[in-house]
Amino acid sequence: MAEPAQRPSVTKSPTGIEGFDHISLGGVPTGRTTLVSGSAGSAKTIFAAQFLAEGIRQYDQAGVFVTFEESAADIRANVSSLGWDVADWEAAGKWAFVDAAPQPGDEVVVSGAFDLGALVVRVEAAVRRTGAARVAIDSLGAVFSRFENEVIVRAELFRLASALKGMGVTSVMTAERTSEYGEISRHGVEEFVTDNVVILRNVLEGEKRRRTVEVLKFRGTIHQKGEYPFTIMPDQGIVVIPLSAIELDQRSSYTRISSGNAELDAMCGGGFFRDSVILVSGATGCGKTLTSTEFIGGGVDNGERSLLMAFEESRDQLSRNASGWGRDFDRYEREGLLKVVALYPESAGLEDHLIRIKREIDSFKPNRVAVDSLSALERVSSIKGFREFVISLTSFIKHQEIAGLFTATTNSLMGGESVTETHISTITDAIILLRYVELFGEMKRGLTVLKMRGSAHDKEIRAFTIDGTGMHIGAAFRNVTGILAGHPRHVPSAEIERLDQLFRPEGPRGGD
Amino acid sequence: MGKYLLKLYITGRTPQGNRAIANLQRICQAELDGQYEMEVIDVIEDPQAAEDARIIATPTLIKALPPPLRRIIGDLSNKEKVLIGLDLSSPGDEEGHRRG
């Protein structure tokens, strides 16, 4: 995948680990050893095991797992939670263990010179027996702590790496790091074992654990630089989120779809674009959930399917809200035109939510996706993590060529902007602001289309009301200024007319 | 004292392996008075034997009998350590023991 024509010396083998092959531009170097280094709990063993599991599942390649730390039985049990039946693969001759873990109660006495010849012989025998194309070795640190003589261990690991190369297998070795941003590995193994280094991190960031993977070097071939977040899914293992490696190659559609509100469609120049992402921002109770409900309703009216990812209210609450606006969620769900997934933001990390949303989109195949609210997810992440999440989600939705509508809550009732808005406004195609407007001792609601990429749109701030049939957008606030800033101020009509005559020869539209 | 069952695992007929065999024979003849059985296993010829006994380093001497089972790795050039491994040294000298 990574320009094999230009660099014939190093080809890559896809690992099959979701997202990793994307950031490594094709996988790990074929026929070579890649060092996977990480601190305690950074998922090194899972990476190593998944390298073999995906080889079996996706590429029909057998694998040999050499374990120095945990026993084969422990590894079988640990990875079964990821949905991998290692015993089954062993029976089928697709997976073989070389169990080099210490035996409990085993006393070892060292008397004189030794080498690790038996280990090399066992690995070679296992590779021959299974016809393995992949070997995983976990972990080098355990070998060093086992034998006092580092010089011998280094020399022998080099011999093992050479033997693996000689057999033409693609291998992954794990090693320990003492700190997240220090030397590559504890025993300095990388420089003699391998030219290829991948680093796994598990960093505490603003009270949240954040896992990342970085391809540090692949000698003689290219890869994406920097850290990419990943998560561990219960039935899949490691899933890397490629983020900036995502190509901006999605097509732009000029097909319009209804927002579910005819007046809003008119303001947007005829509706939203088919594959656009719309951000609806406003204070609490201002009509965001209504906007997403109408967005879903607009899809249903057209026979389209909608997915609603709800992070603030339960399914029942949402259904009750919708019925108050004349939209029957229960019926939509029965007809298969809607799926409501209500989750607590705190129930998982952002990476997990992202993958959950992707899964729901993949399985339900909606035409529209509404996330209410996106800002509820801010709570469970750092700002950087949140931004990455939104970029990734937006990109995914656009690739599916479906419409996405996200809501964001502003923290002040009047005016103001949300963190969500600040961080994602450049990513979204359209922004709709909902605002409270205080006028003559009365709270009114206002709506404006702030941005609509690729289309003309109404720039006025219009008043709207909500009743049992939904949202009704009326005339513009003609004689008020400062709404968006949160300081509405009444402007005398005479002044407006004077300005209108200056700038709009066709005359004023209806006032409020 | 019961009969000793000793298994010596080597990787091919290397000088290191041959040295281990010679050292072991010398120690056994001196210390075990014929009360032993010694088996040399070349893991290149029988990788499964290494797999079954979970041998990593060679040479490895396994004292299979009498219990407890002990592993001694190296060319057995340090006689004191070998005697510790075979439980033939005076008690209290635990210096050579490491968990593995």
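Residues numbered from 1 in each chain as written. Chains lettered and ligands numbered in written order. Predicted model: local features only at pLDDT ≥ 70, side-chain atom pairs only at ≥ 80, totals over all residues. Heavy atoms only, no water.

(A) Seen up close, the overall build of chain A. The helix and strand tally for chain A stands at 16 helices and 25 strands. Counting over 512 residues, chain A shows a buried share of 58%. Taking all contacts inside chain A whose residues are at least 6 apart in sequence as the whole, residues at least 24 apart take part in 68%. Accessible area for chain A stands at about 20,600 Å²; split by element, carbon and sulfur atoms hold 51% of it. (Helix = DSSP H or I, 4+ residues; strand = E, 2+ residues; numbered from the N terminus. Buried < 20%, exposed > 50% of the residue type's maximum accessible area, 1.4 Å probe, protein only. Contact = heavy atoms within 4.5 Å. Areas by Shrake-Rupley, 256 points an atom, 1.4 Å probe, with all protein chains shown as cover.)

(B) Layout of the overall build of chain B. Within chain B, the secondary structure is distributed over 3 helices and 5 strands. When the elements of chain B are put in sequence order from the N terminus, they spell out β-α-β-α-β-β-α-β. A burial count over chain B gives 49% of its 100 residues as buried. About 4,900 Å² of surface is accessible on chain B, with carbon and sulfur atoms providing 46% of the total.

(C) Geometry of the pattern of salt bridges. Residues and elements named next belong to chain B. This model, assessed by the stated rule, comprises 27 salt bridges over all chains. Here Arg70 and Asp87 are joined by a salt bridge, their closest N and O atoms 3.1 Å apart. You can see Arg70 sitting in strand 4 (residues 70-73) and its partner Asp87 sitting in the loop between helix 3 (79-85) and strand 5 (97-99), a full 17 residues away along the chain. (Salt bridge = Lys/Arg side-chain N within 4 Å of Asp/Glu carboxyl O.)

(D) Focus on the pairing of strand 5 (residues 95-99) of chain A. Residues and elements named next belong to chain A. Strand 5 sits mainly inside the fold: 5 of its 5 residues count as buried. Residues Trp95, Phe97 and Asp99 line one face of strand 5 and the alternating positions Ala96 and Val98 line the opposite face, and both faces are buried. Pairing between strand 4 (residues 63-67) and strand 5: 5 bridges, direction parallel. Across the sheet, residue Thr67 finds its bridge partner in strand 5, namely Asp99. (Pairing = 2+ DSSP bridges.)

(E) Highlighting the packing of helix 5 (residues 117-130) of chain A against helix 7 (residues 150-167) of chain A. Residue and element names in this part refer to chain A. For the pair helix 5 and helix 7, the least separation of the axes is 10 Å and the interaxial angle reads 20 degrees. Comparing the axis directions of helix 5 and helix 7 gives the class roughly parallel. Relative to helix 7, the crossing made by helix 5 is right-handed. Here Gly117, Leu119, Val120, Val123, Glu124 and Val127 of helix 5 lie close against helix 7, whose contacting residues are Glu156, Arg159, Leu160, Ala163, Leu164 and Met167. Each residue belonging to the contact of helix 5 with helix 7 can be placed in one class, and the counts come to 8 nonpolar, 1 polar and 3 charged. (Axes fitted to C-alpha atoms, helices over the stretch in contact; angles between N-to-C directions. Parallel < 35°, antiparallel > 145°, perpendicular 65-115°, else oblique. Left-handed = near helix turned anticlockwise from the far one by under 90°. Nonpolar A, V, L, I, M, F, W, Y, C, P; charged D, E, K, R; others polar.)

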